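# Breakdown of the fold
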Amino acid sequence: MSLIEFKEEGLFCPRANVYIDPWKPVAKAIITHAHADHSRYGMKNYLAHPWSIPVMKHRLGQDINTQALDFHQSISMNGVKIMLHPAGHIPGSAQVSLEYKGEKWVVSGDYKLENDGISTPFEPVPCTHFVTESTFGLPVFDWPEEEVLEEQMHRWRASLVESQKVGVVYAYALGKAQRVMKTMANTGARIFTHAAVERTNECLEHNIELPDRTEFNSDLKKEELQGNIIIATPGSMGARWTKKIGPHETASVSGWMRMRGTRRRSNVDMGFVMSDHADWKGLNTAVKMTGAEKVFVTHGYTEVYSKWINSQGINAEVVKTAFGDEKEEQNEEQKELK
Amino acid sequence: MKNFVTLIQQIESQSSSKKRIDALVEFFEKSEPADRLWCIALFTGKRPKRAVKNALLKSWCAELAQLDDWLFEESYHVVGDLAETMALLVPFDGAGGLKSKLNEQIKALLPMKNFNEEEQKEQVLAVWKNSNHFERFVFNKLLTGGWRIGVAKKNLIKALAIFSGQDETAVAHRLMGNWDPSTTTYHELMESDMDENLARPYPFYLAYSLENDLKPEMNLKDWQFEWKWDGIRGQIVKRGGECFVWTRGEELVSEKYPELMELGAHLEDGTVLDGEIVVHDGASVLPFQLLQTRISRKTLPKKLLAQAPVKFIAYDQLEANGEDIRALTLEERRRQLIRTTKKCSSKELLLSESIELKTWQDYEDLRLRSRAFRAEGFMLKRKTSPYEDGRKKGNWWKWKLDPLSIDAVLIYAMRGHGRRANLFTDYTFAVWQGEELVPFAKAYSGLTDAEFKEVDSFVKKNTVDKFGPVRSVKPELVFELAFEGIAHSSRHKSGIALRFPRMARWRKDKTAQEANSLEDLRTLLQLYEQQPSRTMSPKSHLIQLVQVVKADENIDAAELKIIQDYAKKHDLSIEDALNDELPQMEKGDGLKSWYHLLYTCLADGEICPSESASLMEIGVNMGLDVSALRKVIELSHQNGTVPLTDEELNAVLD
């Protein structure tokens, strides 16, 4: 019996009788992080990092059964030692390790190696079997340093002040928005947050400190907004309020902005290459640091990345999952606004 | 390069035309004349030829990035643009600030094709090392010869008008003709006396398709109706005793049409006519296919001239007695045109007929019979309108025959390029034959960005199988395909080939079961064949594809396919494709020249894998041998811009 099986409902540990980020209703689920494609409705019991739980309850309902597990604390399920380790993806995001008789699996969920200043930084976990994402598993994806990003945002803000325009940044409500808030607050800009972002902020603020900001509303005067930043979800692009805020520039914040095609397609004025996923080098470093003998590649450029890992002398295999659907996260955010 | 790189960056990031124009004006102000000239040249499609073979560039880049070839190719596939892929993969993060000016950089590239590999590599790597990401991208674009970044010609003209203080019409006029940036100067192009260039044509006035809801507001009395002929739009310029024939693609084609030169001899000096070059037997216009036999040849044997005699149907007169009369009303210009045609004793000059009927219904009835006259519909021109330049709405409309259409099921998908990189935007469609879905057409255009995104997400979730870059998907989505023609084809499984298929609508209201059948297509074919058919030959498909590859104004490698679909609709002349780009055409005979043509397409310019696949497909449809084709394509990869010799081709064909 393999310690982890890839089943129709999701990744399953038969010995512990627990699923990790399942996409169909099950009795027990360990959730790596609260994004909609990893944390879904209908599980009888949820186990997650304490920072994820308020967001999950907010999204899935206050009445869900949850159990919190801190990083580096272990629980045992039928002899399987289970631990959470920081994944660095968003606040509260975790890698799950499952260990039994010398075999140790790490399911990493989504992760990045850079320290974004709000998420607990990624920690490599030595293991025998590593399950990795591959969202950006191509060598063309190479993220700029944090300082470079900060400088770009500073420059953009300065140009907004000069031209007396509002900056509208489209970012996912959970994770990306807080990261942008933090960087933008450092530029001295006032931050306005759109409703979906602010609801998520409230959930996170139980546990982490966030910069000062004001919730956006249509009564705000144009003079207050000029030279400052509104953070909204990608789903609100082109919404009615954007036509009432006066002259503004728009920005997208995503690893996809690395490619000219997607940059142009996104129809925004600025594209910041800021991602919450590991870039090519990040993935390679992570895989190497685990020392795993077998790697399972999920959502993203799965075939290319597993072929590459194989060519590096590590046994790799593609696993089909239901992760990586950005639309689900957008739907979740849209619901927020209704 | 700094100013130019900044300009490109601004153009890329600005969504409004006004900001792009501002950026151009700023560039012109900051730059020296030679840089301005090259910028104008690049944005009007006069890009330098590729200096270094793509295969070499790829290998140097893969070597620097320490990547296997397959991984490089996978990356290229996702990014969809070779210059950008290399800019992303080269592992240097130079501080940037390339010192050389744009014109110096281009002048340095021009002689490179004569260098040996080592020298080329040294020069390329020196730039790669010293540049930052975006500079490298712009440099690579110049290097690979696939320059398709730009602004609409309209906007370039506006910016030049602001910068130079001339009006837009004058600027548009100056940019006309076949000037060469390596032999002319900015001063000669933009500041010299206009009269110095006898041959210079006027910018063509082009029309948009008639919007149906406009009809009720249009008073028939205000409009002149003419046939929209399916030939090559052209201009005859007679000045200083000399005659020049231009096509809409700004190609000088005087030598190809001795009939028109003869016509010119009978025109008065200081005359410019706008019209359509057609094959005409004295009684009526002959099929467009015949005209194509003229386009593809540089030598004109008597037999050909007898088979495909050319005439010029004059639509308009732009210059009379050396005076520019474009500002006069159409009525006034037409009176002048009638005088000119009466005076001219040449039988090769015909006057475009003005069709006067009583009601819209009368026009509609006649329009539906356009094909019988070998026309493709009507042109509507406001009688009080001046002769404008470029494609403008309001005074001229084209009112073409409606395309044919059929509902089909999406069964295969491939990734697009450029702006559509990493999205599944290239589809294969099928119709029912009993319980089986038979593929019959490919289409890449017609959906909105949002729709493409939606289909992309469907494809990713519903992939049944993968064959290389092609994914077969669950047969579920139904689209209405529109097309201009339908013909028998022994090469397609369906037995049918469509001309310019594109997606007219996503039929979300239909299930796959409700799509049309092969029987329905066959019925359409029968109906269509009863009309005097001008179904396009595979040969002309290819010509258009070639032209698209060479097309420039604001075209992205990615959008190539869309243009392929629309080339016809937008009256693109196919002349361009064959004239200067394909010197080998006259050497070979018959099929051989098509191998040359394919080779040239691939060797010169940036062709992505899927594009070479479409070339292959067309080649096969024409009856070329698949393995010979493959070898020709391989040769083009090896040789780069070095022309294919007859010996090489003969070796391949043996």
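Residues numbered from 1 in each chain as written. Chains lettered and ligands numbered in written order. Predicted model: local features only at pLDDT ≥ 70, side-chain atom pairs only at ≥ 80, totals over all residues. Heavy atoms only, no water.

## Quick notes on the overall build of chain B
Heads up, the rule is: Only DSSP runs of H or I reaching four residues or more are called helices, and only runs of E reaching two or more are called strands; each is numbered from the N terminus. Note on exposure labels: buried denotes an accessible area under 20% of the residue type's maximum, exposed denotes more than 50%, and partly exposed covers the range between, all computed with a 1.4 Å probe on protein chains only. We call two residues in contact whenever any of their non-hydrogen atoms come within 4.5 Å of each other. To measure how exposed things are, a 1.4 Å probe is used in the Shrake-Rupley method; for residues, cover is taken only from the protein chains shown.
Along chain B, the regular secondary structure elements total 26 helices and 19 strands. By residue count, 59% of the 654 residues in chain B fall in the buried class. Long-range pairs, those at least 24 residues apart, make up 73% of the contacts in chain B between residues at least 6 apart in sequence. Surface summary for chain B: the accessible area is close to 26700 Å², and the carbon and sulfur share equals 49%.

## Comments concerning the nonpolar core
The condition that has to hold: Put simply, a nonpolar core is a bunch of buried Ala, Val, Leu, Ile, Met, Phe, Trp, Tyr and Cys residues held in one set by side-chain atoms that sit within 4.5 Å of each other. Residue ranges labeled as domains rest on an automatic or database domain assignment.
Of all hydrophobic cores here, the largest spans 101 residues; its most connected members are F4, I40, F43, V124 and W128 of chain B. When residues of this core are assigned to their parent elements, the largest contribution, seven residues, is made by helix α3 (residues 33–43) of chain B. For this core, the two domains that each supply at least three residues are domain 1 (5–140 + 276–323) and domain 2 (146–272) of chain A. Among residues more than four places away in sequence, those in contact with V124 of chain B are V52, L57, W60, M112, F139 and L143 of chain B. With 40 residues, the next largest nonpolar core counts Y19, M43, V253 and F272 of chain A among its residues.

## Examining the pattern of salt bridges
For clarity, the cut-off: A side-chain nitrogen of Lys or Arg and a carboxyl oxygen of Asp or Glu constitute a salt bridge if their distance falls within 4 Å.
The tally for this structure, following the rule as stated, stands at 43 salt bridges over all chains. Taking the shortest distance from any N to any O, the salt bridge between K24 of chain A and E8 of chain A comes out at 2.9 Å. Of this pair, K24 of chain A sits in the loop between β3 (18–20) and β4 (28–30) while E8 of chain A sits in the loop between β1 (5–7) and β2 (10–13), placing them 16 residues apart in sequence. One salt bridge connects R239 of chain B with E319 of chain B, and the closest N-O pair in it is separated by 2.8 Å. On the criterion of sequence distance, the pair formed by R239 of chain B in strand β3 (residues 232–239) and E319 of chain B in strand β6 (residues 310–320) is long-range, its members being 80 residues apart. Of the residues examined, E319 of chain B reaches a relative accessible area of 4% and is grouped as buried. In this structure, a network of salt bridges that share partners links the residues D407, E480, R505, R507, D509 and K510 of chain B.

## Section: the side chain of S252 of chain A
All names here are of chain A. As for its position among the elements, S252 is in strand β16 (residues 248–253). For S252, a relative accessible area of 9% gives the class buried. Those residues within four positions of S252 in sequence are excluded, and the remaining contacts are Y170, M237, M257, S266, V268, M270, G271 and F272.

## As for helix α8 (residues 302–311) of chain A
Where α8 of chain A is concerned, the buried positions are T302, V304, Y305, S306, W308 and I309 of chain A. Buried residues along α8 of chain A sit in contact with β11 (129–134), α7 (280–290), β18 (294–300) and β19 (315–318) of chain A together with α5 (69–79) of chain B. Once α8 of chain A finishes, G313 of chain A follows within two positions and takes phi at roughly 85°, a positive value.

## Describing the domain arrangement of chain A
All names here are of chain A. The following threshold applies: In this description, buried area is defined as the sum, over both parts, of the accessible area (probe of 1.4 Å) that is lost when the two are combined. Polar contact is defined as a pair of N or O atoms within 3.5 Å, subject to the rule that within protein one atom must be able to donate a hydrogen and the other to accept it, and that residues adjacent in sequence are counted only when both atoms are side-chain atoms.
Taken as a whole, chain A is organised into domain 1 (5–140 + 276–323) and domain 2 (146–272). On a C-alpha basis, the centroid separation for the pair domain 1 and domain 2 is 29 Å. Tallying the contact residues gives 21 residues for domain 1 and 16 residues for domain 2. At the boundary of domain 1 with domain 2, total buried surface from both sides reaches about 1700 Å², with 70% on carbon and sulfur atoms. In this structure, the connection of domain 1 to domain 2 is made through one salt bridge. Between the two partners, domain 1 and domain 2, sit three residue pairs in polar contact (both at pLDDT 80 or more).

## Focus on the sheet that holds strand β5 (residues 45–48) of chain A
All names here are of chain A. Rules: At least two bridges found by DSSP between two strands are what make those strands a pair. Here, axes are lines fitted to C-alpha atoms. For helices the fit covers the stretch in contact, and angles between N-to-C directions go from 0 to 180 degrees.
The six strands are arranged β1-β2-β3-β4-β5-β6 in an open sheet whose pairing can be described as mixed. Strands with a single pairing partner mark the edges of an open sheet, and in this sheet they are β1 and β6 (66–68). For this sheet, the mean angle separating the axes of adjacent strands, direction not counted, is 30°. Pairing of β4 with β5 involves three bridges; the strand directions are parallel. Note on β5: the bridge partner recorded for I30 is L47.

## Thoughts on a negative patch on the surface
Heads up, the rule is: Excluding any residue in a salt bridge, patches collect residues exceeding 30% relative accessible area, merging like charges within 9 Å and nonpolar Val, Leu, Ile, Met, Phe, Trp and Tyr side chains within 5 Å. Only four residue types enter the tally: Lys and Arg on the positive side, Asp and Glu on the negative side; His and the chain ends are excluded. The atoms used to mark charge sites are NZ of Lys, CZ of Arg, CG of Asp and CD of Glu.
Together, E145, E147 and E150 of chain A together with D93 of chain B make up a negatively charged patch on the protein surface. With respect to the helices and strands, D93 of chain B occurs in the loop between α6 (82–89) and α7 (102–109). D93 of chain B gets classed as exposed once you look at its relative accessible area, which sits at 69%.

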